[in-house]
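Residue-level structural notes
Chain residues, written in single-letter form:
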Amino acid sequence: MSQDHWLQNYNATCRLVQEIAENIHERNRQQRTGGNAAKINMTLRASMQKLNQNITHLKETLLQALSQHRILQSEADRRQNLVDDLVTRERQILATFKGETPDFEPSRSSLMPAGGGASGATANPWLIDESETCGLTFGEIKQQQQHIIEVQDAGLDALAAVISRQKQMGKDIGNELDEQNEIIDDLTNLVDKTDSRIRSETRRVKLVEVKSASCGSA
């Protein structure tokens, strides 16, 4: 695999990210306006699966190129930073698709790398501004990005815990409703039996009154 081919795959993956972001925005707009978002959802699921496959391929081919000494370590670090950014962006997209984060409509310039060519002068496209990384080594930049990912993971873990508690609360409420329904069924049966007895007693009393009236007239 040539270096240019890796960059071409990376740029194609950036375009796929942009396409997914735009489709999510359109899907959300359709949902707000009462439109049909089902078809867009199907397209989004297929696109996100392809995005995951593309990122995995980029990781594997980068590792292969480095192990075969076809790129320098510094260039491998730079490309690994780009892949890490893609992974972070993929998580953001997935969270937005599930409705866990607000809608977004990123500009194309914020997604596509500067220059867009295969010259190797590709800029870091997301999250970390150049002013924030000025003077940092590749290892420090990677550590900074890893910290961002860890913070996001912690947020997702907290969200998962909240969802788990809500799910348990739903189960408890459901069990309580089942118990209440059983009590209501028992009361209904009791009322039915009592009503039947009252009607039977009423008929017996009327029969006794008729017999008593007959005996009195005799």
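Being a predicted model, the structure only gives us computed values, none of them experimental.

Glancing now at helix α2 (residues 38–67). End to end, α2 covers 44 Å across 30 residues, agreeing with the expected 44 Å (1.5 Å per residue, within 8%). Within α2 the residues assigned to the buried category are I40, N41, L44, S47, M48, L51, N54, I55, L58, T61, L62 and A65. The positive-phi residue at the C-terminal boundary of α2 is H69, with phi of around 60°.

Per the UniProt entry, the sites bearing "coiled-coil region" (unreviewed entry) are residues 41–68 in this numbering. Along residues 41–68, the helical share is 96% and the strand share 0%, with 41 Å between the first and last C-alpha atoms.

Together, E176, D178, E179, E182, D185 and D186 make up a negatively charged patch on the protein surface. Its place among the elements puts D185 in helix α6 (residues 138–217).

Quick look at the packing of aromatic side chains now. Evaluated as defined, the whole model comprises 1 aromatic pair. A ring pair is formed by W6 and Y10, whose centres lie 5.9 Å apart and whose planes are at 5°; its orientation type is stacked. One end of the pair, W6, and the other, Y10, are both in helix α1 (residues 3–32), 4 residues apart, so they sit about a helical turn from each other. Residues W6 and Y10 agree in their burial class; the two are buried.

Okay, the packing of α2 against helix α3 (residues 73–97) next. Contact geometry of α2 with α3 gives a least axis separation of 10 Å together with a crossing angle of 165°. In this view, α2 runs roughly antiparallel relative to α3, as classed from their interaxial angle. Seen from above, α2 lies across α3 with left-handed handedness. Here α2 contributes N41, L44, R45, M48, L51, N52, I55, L58, K59, L62 and L66 to the contact with α3, which in turn contributes Q73, A76, R79, Q80, V83, L86, V87, E90, I93, L94 and F97. Among the residues making up the contact of α2 with α3, the classes are represented as 14 nonpolar, 4 polar and 4 charged.

A few words now on the nonpolar core. Within soluble globular proteins, side chains that are nonpolar generally end up buried alongside one another. Residues W6, Y10, I20, L44, L51 and I93 are the most contacted members of the largest nonpolar core, which totals 24 residues. When contributions to this core are tallied by element, the ones reaching two or more residues are α1, α2 and α3.

The rules behind each value
- As a convention, each chain's residues are numbered from 1 in the sequence order in which they are written.
- Whole-chain, interface and lining totals are the exception, using all residues; otherwise, since this is a predicted model, local features are given only for residues with pLDDT of at least 70 and side-chain atom pairs are given and counted only at 80 or more.
- Each side-chain value is derived from all of the structure's non-hydrogen atoms; neither hydrogens nor water enter the calculation.
- Strands here mean DSSP runs of E at least two residues long; helices mean DSSP runs of H or I at least four residues long; both are numbered from the N terminus.
- In a helix, the anticipated span is given by 1.5 Å times the number of residues less one.
- We call a residue buried when its accessible area falls under 20% of the maximum for its residue type, exposed when it is over 50%, and partly exposed in between, using a 1.4 Å probe and counting protein chains only.
- UniProt positions are given in the numbering used here, feature names are shortened, and annotations may be inferred rather than shown by experiment.
- Residues enter patches when they are more than 30% accessible in relative terms and free of salt bridges; like-charged ones are connected within 9 Å and nonpolar ones (Val, Leu, Ile, Met, Phe, Trp, Tyr) within 5 Å.
- Working definition of accessibility: Shrake-Rupley area with a 1.4 Å probe, residue cover restricted to the visible protein chains.
- Definition used for salt bridges: Asp or Glu carboxyl oxygen within 4 Å of a side-chain nitrogen of Lys or Arg.
- Positive charges come from Lys and Arg alone, negative charges from Asp and Glu alone, with His and the N- and C-terminal ends not counted.
- Positions of charges follow a simple convention, taking NZ of Lys, CZ of Arg, CG of Asp or CD of Glu.
- Ring pairs are drawn from Phe, Tyr and Trp, using the six-membered ring of Trp, whenever the two centres fall within 6.5 Å, and their geometry is named by plane angle: stacked under 30 degrees, edge-to-face over 60, tilted for the rest.
- Think of each axis as a best-fit line through the C-alpha atoms, taken over the contacting stretch in the case of a helix, with angles from 0 to 180 degrees between the N-to-C directions.
- In this scheme, roughly parallel covers angles under 35 degrees and roughly antiparallel covers those over 145, while 65 to 115 is roughly perpendicular and the rest are oblique.
- Crossing chirality is assigned from the near helix's rotation relative to the far helix, an anticlockwise turn below a right angle marking it left-handed and a clockwise turn marking it right-handed.
- We call two residues in contact whenever any of their non-hydrogen atoms come within 4.5 Å of each other.
- Throughout this entry, Asp, Glu, Lys and Arg are counted as charged residues, while Ala, Val, Leu, Ile, Met, Phe, Trp, Tyr, Cys and Pro are counted as nonpolar. The remaining residues, Gly among them, count as polar.
- Nonpolar cores are built from buried Ala, Val, Leu, Ile, Met, Phe, Trp, Tyr and Cys residues. Side-chain atoms within 4.5 Å join them into one set.

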